[in-house]
Amino acid sequence: MAGSPRRASGRRLQLPLLCLLLQGATAILFAVFVRYNPETDAALWHSGNRSSSDNEFYFRYPSFQDVHVMVCVGFGFLMAFLQRYGFSSVGFTFLLAAFALQWSTLIQGFFHSLHGGHIHVGVQSMINADFCAAAVLISFGAILGKTGPAQLLLMALLEVLLFGVNEFVLLSLLRVKDAGGSMTIHTFGAYFGLVLSRVLYRPQLEKSKHRQGSVYHSDLFAMIGTIFLWTFWPSFNSAPTMLGDGQHRTTLNTYYSLTASTLSTFALSALVGEHGRLDMVHIQNAALAGGVVVGTSGEMMLTPFGALAAGFLAGTVSTLGYKFFTPVLEAKFKLQDTCGVHNLHGMPGVLGALLGVLVAGLATHEAYGDGLGSVFPLIAEGQRSATAQAMYQLFGLLVTLTFASVGGGLGGLLLRLPFLDPPPDSQCYKDRIYWEVPGEREDEAQGSLRAEETDTRA
Amino acid sequence: MAGSPRRASGRRLQLPLLCLLLQGATAILFAVFVRYNPETDAALWHSGNRSSSDNEFYFRYPSFQDVHVMVCVGFGFLMAFLQRYGFSSVGFTFLLAAFALQWSTLIQGFFHSLHGGHIHVGVQSMINADFCAAAVLISFGAILGKTGPAQLLLMALLEVLLFGVNEFVLLSLLRVKDAGGSMTIHTFGAYFGLVLSRVLYRPQLEKSKHRQGSVYHSDLFAMIGTIFLWTFWPSFNSAPTMLGDGQHRTTLNTYYSLTASTLSTFALSALVGEHGRLDMVHIQNAALAGGVVVGTSGEMMLTPFGALAAGFLAGTVSTLGYKFFTPVLEAKFKLQDTCGVHNLHGMPGVLGALLGVLVAGLATHEAYGDGLGSVFPLIAEGQRSATAQAMYQLFGLLVTLTFASVGGGLGGLLLRLPFLDPPPDSQCYKDRIYWEVPGEREDEAQGSLRAEETDTRA
Amino acid sequence: MAGSPRRASGRRLQLPLLCLLLQGATAILFAVFVRYNPETDAALWHSGNRSSSDNEFYFRYPSFQDVHVMVCVGFGFLMAFLQRYGFSSVGFTFLLAAFALQWSTLIQGFFHSLHGGHIHVGVQSMINADFCAAAVLISFGAILGKTGPAQLLLMALLEVLLFGVNEFVLLSLLRVKDAGGSMTIHTFGAYFGLVLSRVLYRPQLEKSKHRQGSVYHSDLFAMIGTIFLWTFWPSFNSAPTMLGDGQHRTTLNTYYSLTASTLSTFALSALVGEHGRLDMVHIQNAALAGGVVVGTSGEMMLTPFGALAAGFLAGTVSTLGYKFFTPVLEAKFKLQDTCGVHNLHGMPGVLGALLGVLVAGLATHEAYGDGLGSVFPLIAEGQRSATAQAMYQLFGLLVTLTFASVGGGLGGLLLRLPFLDPPPDSQCYKDRIYWEVPGEREDEAQGSLRAEETDTRA
């Protein structure tokens, strides 16, 4: 009974109060802890004797902007494929990003940039916060349409925290390389979301099945997301790498990997499609797997051929996953993965981590020359062999899977708290429960939409 | 009688002649006055002994591009929420921007970069021209749907001129700080448009009421505008600031302010919505108020906490404005504000100006160190106290409100010239009067569209 | 009989096999030939004694990203105006771009950056590859809706090769200037596609006439393409120019040229429209002609006035072309040009080449100073007079027209190979033959879509 007075009044207050509470808390923590770093503080910057053109802003900000567009435009519209859930897809992406950017500034700041009790912020922390928001939005994809905004904010509250811990363990303790986040972002976000979705399993979800597909124009909106993600992914993987050749090489590898995953996605989609027809779900998602799969190895000497091979493999695995694995996940494992994040972020993320193990294990002084120190400082300093670095990389993957699974389980339990008011099975994948929707009035809500052209996705 | 032969023939010639006349005039003025500046002129650049990498292009162009996207994509699609006015929203944005960019190059050039009788142009003048176009597009938002393209071009002709005068008074005479234009762009553009809309008040506008709302997909198109504006706003506020820490700090402040205005917008929208439902109008607009409110103070030492607080306040005021103030404006003050620019640009712009007064008044040598000279040169040189600078800032706001109101009034009188052929009350918010619209033929035009899903906005 | 078992099974395997074959071939060639250049290779970069900030990445990557967005988002959505061909427009753009980027890396690499038997890649080669993809997508526009994906891939296979040859002749042998590609990209791509379309002439195409137009929302999707192209075109023309003043000046010229073509497009569209109404086709396309027309001369000392004049002329010619010339092309010359690439790329490209002849012929030491060497090295070194350079420019145009026409003819013959399975006349401009389309099932396919709002374009 979505319309009962008590629930309506509960919902009325729940989201506002949670937003205000979270905003109040982060604001207080910002007041106490967050300060401009030496590149953004007027006094600190001018006390150094540096030229304006040395400011890190000029080397990182264009990449940051591309990442920012990917997080907000890319993820938001990619999830807008659902025929009657576009407001929520785009709107809740916006809400989750806004909160996650603040909260992860704090969490990542405590772990990575605490100076004299203060968190220092600048363009690097902005990139890192956007990366964390990306992980949260990946998890959102797994449970898209089945949760309310208050639940999502609580998920973000927990996930940002665990993201920070996992990233700290990998990057600072294990000294693992993972610039583009095959592990820390994609694997973590995907498995966190998947386990969470498993805990929230809804056996009666076929009640909303007819809204679980796209309509013609919603698929085109989703392609806006896809193409901005595809276009800017080279900036995503390279945003936090070492300046110079590292950043340059990462963009090149990502660029080629994405072209190959696009070709393999078209090939496989037509091959497995009825009458050889292409499936928009594959194109929208699997074509991007090439970006995910070089998230770890993109800054390494992967070689252009290596990038093509990796992308090709990722597009193949991802497309086959959508076709054959997603239905099995739901039927056998009771895992409802709305956007197929397992296919776009989960498997390609794990593949990317393993590729990182391989490429790190092959690192030689000959291949990297004096640049070895900027990619693998511990190998260059003789503290680790390439094989040891590879083992650490592998261990990082296992740590990530563990944190993600345990975290997702905890998240699921948290989101099942009864007062959180999830949408009933019959109201999933539908904006109307959370939004004023033009053209729909209360009395029409029980009926079906006249103009609804429906389709169901596998 | 939109279809009467004389009016149709008048319209047929009015827009073409005006476009040709304006283009001819600016072209002649360009030929006489406009020259490459020393950073874009082959001979002048190479006569200096500078490395290519010193060219200002590399420090300003990425920000310029973001601003350019905001002006064309952001404003254009943000206004495309109307169900049957999308062609006009996006198309007239395009037309107005094209003219305003040329015309403001001349006007701003006369005021700011006249060298030996010539206007020098380069990336800075491009940024400034885009800023002026933004102000014109804000005013467009207030009268969206109620004016024809010839009227709009005349509005731009006048507004660009007054924008240039107001900006000259503030920045060059009063030496006020306003990098992101809380005053010069947002306050000016909003109140110019609002007063103009008041002069053009249409008591019979409810004849078009049923087209004054959105449909499902038009709201998603509008979200494209919103999210690009949100994502690139840090570049907008920082585009013309001092290089180095100034530009870097401005992006950071704007980034955090926007996250806070997004959270407060979601909180307030759900709080005041029927059954706790969110309203797309609020999300599309009020979530952006955080960018407006730090337009003046973003380059100052606002602190990250200050940015959050400012954004939170702006989102709150803006959402409440849409809910409670816009209906009052129309009912009591006969002010029809189609896009609610009073809520997104007017009130947050004034708040932003006042925040600038406050933060300027608190400026100390201690907080800014040797950077004081780049933010507040007059204070650093001892020519003004911080309190005096604050008073000048406040005076700048009053000057802006005066210029905007008088200019908007004049603009309204200009646009009421009878031969300008405004759309009749029954044809407002409708593309068909100015555009060939697919699927609509002459004989259908009097009837209602079959598939029209209608909704009215407050 | 699109549904006959043999054809369906043929189609089922054709696209996958072609994708896999092409990807396999380029991957092998990448393994053998493609290597990181000294700016992207860890060992090579660090063996030089350069600061990270000198890496070419920081001077070219932001422009590259804008170009990349134009190719994928811009061209893709610009072609999405067709009411039932949006999946194909956006999807095949994606597929063609992915393949062309790989293949042109190889072709252009053989011609331009072979070092010791290896092709060196970095941000410059990425820009060049995107430029070549743009030419392929221009040709796609001429045959949009009338060809299948396997045909398109074969077209790209041939066109990329000839693009590389033509570009090599112009830039390396004739030493012609053409940074933004008025000749190499626009003229070449347009006439290649037009001749190809002529060879594929379909006399019975009116069977699909009712799908050859737009619907309301498909026109808005197309405007996404238009506005991103318009906004980023300054980056397109300037991406490969000399650093410093050259790049800066090119952006400025392109920016002004586009504003003028927009104004002349609105003027002419209203002038020639029924009842003075504007036509979306003109706005979506002709407004962009200002970018095309300064592709050659944008880096020269065109002067801001020259940019306005050029843009004005291009917008005029392009709009008149859509109105009067396109119908004649089809009726008299049996040339079906779906997107009107003759009006947007063909005529403005030729005009741009001629403008390049003129501006190169006027080059003097006085106007360029010591910068003459960076724009016209042969004139600065005394090896050519300005007039001689102008003649070479003109000859370059003739060479381009020849390569494009002959290539397009060959391409047409190639695409007529019978096993390539083109869509039947009655199935043109329709996604369903190649895509799973939501809401359409096999049994509905013969009938017309209920909600189809139709319109036909001239």
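Note that the structure is a prediction, hence the values are computed from the model and not measured.

Conventions adopted
- What you see as residue numbers is a count from 1 along each chain, following the sequence as written.
- Chains and ligands are labelled by the order in which they are written, letters from A for the one and numbers from 1 for the other.
- Local features in this predicted model are restricted to residues whose pLDDT is 70 or higher, and side-chain atom pairs enter the listing and the counts only when it is 80 or higher, whereas totals over whole chains, interfaces and linings include all residues.
- Values shown for side chains rest on all heavy atoms present in the structure; no hydrogens or waters enter the calculation.
- Strands here mean DSSP runs of E at least two residues long; helices mean DSSP runs of H or I at least four residues long; both are numbered from the N terminus.
- The atom set for the radius of gyration is the C-alpha atoms, and the globule formula is 2.2 Å times the number of residues raised to the power 0.38.
- Residue exposure (1.4 Å probe, protein chains only): buried if accessible area is under 20% of the type maximum, exposed if over 50%, otherwise partly exposed.
- Whether two residues are in contact is decided by their heavy atoms, any of which lying within 4.5 Å being enough.
- Accessible areas in this description were obtained via Shrake-Rupley with a 1.4 Å probe; residue shielding takes into account the shown protein chains only.
- Positive residues here are Lys and Arg, negative ones are Asp and Glu, while His and the chain termini are left out of the count.
- Charge coordinates come from a single atom per side chain, which is NZ of Lys, CZ of Arg, CG of Asp or CD of Glu.
- Each pair of strands is called paired provided DSSP finds at least two bridges between the two strands.
- Two parts lose some accessible area (1.4 Å probe) when they are put together, and adding that loss for both gives the buried area.
- Only one rule defines a salt bridge in this text: a Lys or Arg side-chain nitrogen within 4 Å of an Asp or Glu carboxyl oxygen.
- Counted as a polar contact is a pair of N or O atoms within 3.5 Å, where, for protein atoms, one must be capable of donating a hydrogen and the other of accepting one, and residues adjacent in sequence contribute only when both atoms are in side chains.
- Superposing copies: least-squares fit, C-alpha atoms only, residues required to have pLDDT of at least 70 in both.
- The convention used is that axes are lines fitted to C-alpha atoms, helices contributing only their stretch in contact, and that angles between N-to-C directions extend from 0 to 180 degrees.
- UniProt positions are given in the numbering used here, feature names are shortened, and annotations may be inferred rather than shown by experiment.
- A helix's residues, less one, multiplied by 1.5 Å, set its expected span.
- The bend at a residue is defined as the angle formed between two axes, one fitted to the seven residues ending at that residue and one fitted to the seven starting there.
- We call two directions roughly parallel when the angle between them is under 35 degrees, roughly antiparallel when it is over 145, roughly perpendicular when it lies between 65 and 115, and oblique otherwise.
- Left-handed is the label given to a crossing in which the near helix is rotated counterclockwise from the far helix by less than a right angle, and right-handed is the label when the rotation is clockwise.
- Grouping into patches uses exposed residues only, defined as over 30% relative accessible area, and leaves out salt-bridged ones; the cut-off is 9 Å for like charges and 5 Å for nonpolar side chains (Val, Leu, Ile, Met, Phe, Trp, Tyr).
- Note on aromatic pairs: the rings of Phe, Tyr and Trp (six-membered ring only in Trp) are paired at centre separations within 6.5 Å, and the planes decide the class, stacked below 30 degrees, edge-to-face beyond 60, tilted for the rest.
- Criterion for a charge above a ring: Lys NZ or Arg CZ within 6 Å of the ring centre, and within 35 degrees of the ring normal.
- Residues are grouped as follows: Ala, Val, Leu, Ile, Met, Phe, Trp, Tyr, Cys and Pro are nonpolar; Asp, Glu, Lys and Arg are charged; every other residue, Gly included, is polar.

Visitor: Is there a simple way to explain the overall build of chain A in this structure?
Guide: Looking only at helices and strands, one finds 17 helices and three strands in chain A. Over its C-alpha trace chain A gives a radius of gyration of 22 Å, about what one expects of a compact globule, namely 23 Å for 458 residues. Residues counted as buried form 69% of the 458 residues belonging to chain A. Within chain A, counting contacts between residues at least 6 apart in sequence, those at least 24 apart form 81% of the total. Approximately 13,400 Å² of chain A is accessible, and the part contributed by carbon and sulfur atoms is 63%. Counting 28 positive and 31 negative side-chain charges, chain A places the averaged centre of each group 9 Å from the other.

Visitor: Is there a simple way to think about the side chain of His217(C) in this case?
Guide: Relative to the helices and strands, His217(C) is located in helix H8 (residues 216–238). Looking at His217(C), the relative accessible area reads 14%, which means it is buried. Beyond its immediate stretch of four places on either side in the chain, His217(C) contacts His217(A), His217(B), Ser218(B) and Phe221(B).

Visitor: How should the pairing of strand S3 (residues 118–121) of chain A be read in this particular structure?
Guide: When a strand is regular, its side chains alternate between the sheet's two faces. All names here are of chain A. Strand direction decides the pairing type here: strand S1 (residues 34–36) and S3, joined by three bridges, are parallel. Residue pairing across strands places Arg35 opposite His120, the latter belonging to S3. As defined by bridge partners, strand S2 (residues 114–115) adjoins S3 across two bridges and the pair is classed as antiparallel. Directly across from His115, in S3, lies its bridge partner His118.

Visitor: What's the story with the interface of chain A and chain C in this structure? I'm lost.
Guide: By a widely used convention, the size of an interface equals the accessible area lost when the partners come together. Facing the 67 residues of chain A at the interface are 75 residues of chain C. Of the roughly 6,400 Å² buried between chain A and chain C on both sides combined, carbon and sulfur atoms contribute 71%. Contact with chain C buries surface across chain A, with Tyr216(A), His248(A) and Arg277(A) losing the most and accounting together for 13% of the total. Inspection of the chain A/chain C interface yields zero salt bridges. In this assembly, chain A and chain C are joined by 24 residue pairs in polar contact (both at pLDDT 80 or more). With 18 residues, the top contributor of residues to the side of chain A that touches chain C is helix H9 (residues 245–272) of chain A.

Visitor: Would you mind going over the relation of the copies chain A and chain C with me for this structure?
Guide: Two chain copies, one operation linking them: a rotation about an axis together with a shift along it. It takes a turn of 120° to lay chain A on chain C, together with a shift of 0.0 Å along the axis; the resulting RMSD is 0.0 Å. These values place the two chain copies in the arrangement generated by a three-fold rotation axis. The C-alpha atom lying nearest the rotation axis in chain A is that of Pro62(A); the distance is 3.8 Å.

Visitor: Looking at this structure, I do not really get the pattern of salt bridges. What am I missing?
Guide: Note on pairing: side chains with opposite charge can pair once their charged atoms come close. For the structure shown, the criterion picks out 16 salt bridges over all chains. The salt bridge involving Arg202(A) is made with Asp425(A); its shortest N-O contact spans 2.7 Å. One end of the pair, Arg202(A), is in the loop between helix H7 (182–199) and helix H8 (216–238); the other, Asp425(A), is in the segment after helix H17 (386–415), with 223 residues separating them in the sequence. For Lys177(C), the salt bridge goes to Glu299(C), with nearest N and O atoms at 4.0 Å. Pair noted here: Lys177(C) is in the loop between helix H6 (149–173) and helix H7 (182–199) and Glu299(C) is in the loop between helix H11 (289–293) and helix H12 (304–333), with a separation of 122 residues, a long-range link. Each member of the pair, Lys177(C) as well as Glu299(C), carries the same accessibility label: buried.

Visitor: What is the right way to read the interface of chain C and chain B from this model?
Guide: Opposite the 67 residues of chain C that make contact, chain B presents 75 residues. For the pair chain C and chain B, the summed buried area comes to about 6,400 Å², and 71% of that belongs to carbon and sulfur atoms. Connecting chain C to chain B are one salt bridge. In this structure, the salt-bridge partner of Arg277(C) is Glu436(B), at a minimum N-O distance of 4.0 Å. The interface formed by chain C and chain B holds 24 residue pairs in polar contact (both at pLDDT 80 or more) in total.

Visitor: Looking at this structure, how should I read the sheet that holds strand S3 (residues 118–121) of chain C?
Guide: Backbone-to-backbone hydrogen bonds pair the strands of a sheet. The strands run either parallel or antiparallel. All names here are of chain C. Read across the sheet, three strands follow the order S1-S3-S2 without closing on themselves; strand pairing throughout is mixed. The sheet is open, and its two borders are formed by strand S1 (34–36) and strand S2 (114–115), each paired with just one other strand. Its contacts with the sheet place helix H4 (residues 86–112) against S1, S2 and S3, and it is angled at close to 110° to S3.

Visitor: Teacher, can you tell me more about the UniProt feature "domain: Ammonium transporter AmtB-like" (unreviewed entry) in chain A here?
Guide: Here the UniProt feature "domain: Ammonium transporter AmtB-like" (unreviewed entry) sits at residues 26–416 of chain A. Taken as a whole, residues 26–416 of chain A contains 72% helix and 2% strand, while its terminal C-alpha atoms sit 25 Å from one another.

Visitor: How should I be thinking about H7(C) in this particular structure?
Guide: Counting along an α-helix, one turn takes 3.6 residues, and residues three or four places apart therefore face a common direction. Residues and elements named next belong to chain C. Taking 1.5 Å as the rise per residue, H7 with 18 residues should run 26 Å; its terminal C-alpha atoms sit 24 Å apart, in good agreement. Of all the bends found along H7, the most pronounced is centred on Phe188 and spans about 30°. Burial of H7 is extensive: 15 of the 18 residues sit out of reach of the surface.

Visitor: What am I meant to see in the packing of helix H3 (residues 57–78) of chain A against helix H5 (residues 123–143) of chain A here?
Guide: To characterise two packed helices, one gives the angle between the axes of the helices and the distance between these axes. Residues and elements named next belong to chain A. At a minimum axis distance of 10 Å, the contact between H3 and H5 shows a crossing angle of 20°. Taken together, the axis directions place H3 and H5 in an arrangement best described as roughly parallel. As for the relative orientation of H3 and H5, their crossing is left-handed in sense. Contacts from Arg60, Tyr61, Phe64, Val67, His68, Val71 and Phe75 of H3 reach H5 at Val123, Gln124, Met126, Ile127, Asp130, Phe131, Ala133, Ala134, Leu137 and Ile138.

Visitor: Mind showing me how you'd approach a nonpolar patch on the surface here?
Guide: All names here are of chain C. On the surface, Leu354, Met391, Leu394, Phe395 and Leu398 cluster together to form a nonpolar patch covering roughly 440 Å² of accessible area. In terms of residue count, helix H17 (residues 386–415) provides more of the nonpolar patch than any other element does, four residues in total. Residue position: Leu394 is located in helix H17.

Visitor: Where do I start with the packing of aromatic side chains in this structure?
Guide: Working definition: an aromatic ring pair is given by the centre-to-centre distance plus the angle between the planes. Across all of its chains, the model carries 75 aromatic pairs over all chains by this definition. Between Phe266(A) and Trp435(C), the aromatic rings sit 6.3 Å apart at their centres with planes inclined by 80°, giving edge-to-face as the arrangement. A residue pair is termed interchain when its members come from two chains, as with Phe266(A) in helix H9 and Trp435(C) in the segment after H17. Across this residue pair, the class does not change: Phe266(A) and Trp435(C) are buried. Over the ring of Tyr392(B) we find Arg384(B); its NZ or CZ atom is 3.5 Å from the centre of that ring.

Visitor: What is the right way to read the sheet that holds S2(A) from this model?
Guide: Taken in spatial order, the three strands line up as S1-S3-S2 (chain A) in an open sheet, and their pairing is mixed. Each edge of the open sheet carries a strand with a single partner, namely S1 and S2 of chain A.

Visitor: Got a minute to help me understand the environment of Leu101(B) in this structure?
Guide: Mapped onto the fold, Leu101(B) is located in helix H4 (residues 86–112). The contact partners of Leu101(B), leaving out residues within four places of it in the chain, are His68(B), Ala129(B), Asp130(B), Ala133(B), Trp230(C), Tyr255(C), Tyr256(C) and Thr259(C).

Visitor: Please clarify how the side chain of Thr259(B) should be interpreted in this entry.
Guide: Residues and elements named next belong to chain B. With respect to the secondary-structure elements, Thr259 resides in helix H9 (residues 245–272). Accessibility expressed as a relative area gives 0% for Thr259, which makes it buried. Within the structure, the side chain of Thr259 is placed 2.6 Å from the backbone oxygen of Tyr256, a separation counted as a polar contact.

Visitor: What should I look at first to understand helix H13 (residues 341–361) of chain C in this one?
Guide: Residues and elements named next belong to chain C. Helix length check: H13, at 21 residues, gives a terminal C-alpha distance of 28 Å against a target of 30 Å (1.5 Å per residue), a fit within 8%. The sharpest bend along H13 reaches about 25° and sits at Gly349. In terms of burial, H13 is largely enclosed, as 16 of its 21 residues are buried.

Visitor: I tried to follow the packing of helix H6 (residues 149–173) of chain B against helix H7 (residues 182–199) of chain B on my own but got confused; where do I start?
Guide: Residue and element names in this part refer to chain B. Look at H6 against H7: their axes get within 11 Å of each other, and the N-to-C directions meet at 140°. Relative to H7, the element H6 lies oblique. The two elements H6 and H7 meet at a crossing, and its hand is right-handed. Between H6 and H7, the contacting residues are Met155, Leu158, Glu159, Leu162, Phe163, Asn166, Glu167 and Leu170 on the first element and Met183, Thr184, Ile185, Phe188, Gly189, Phe192 and Leu196 on the second. Classifying every residue of the contact of H6 with H7 gives 10 nonpolar, three polar and two charged.

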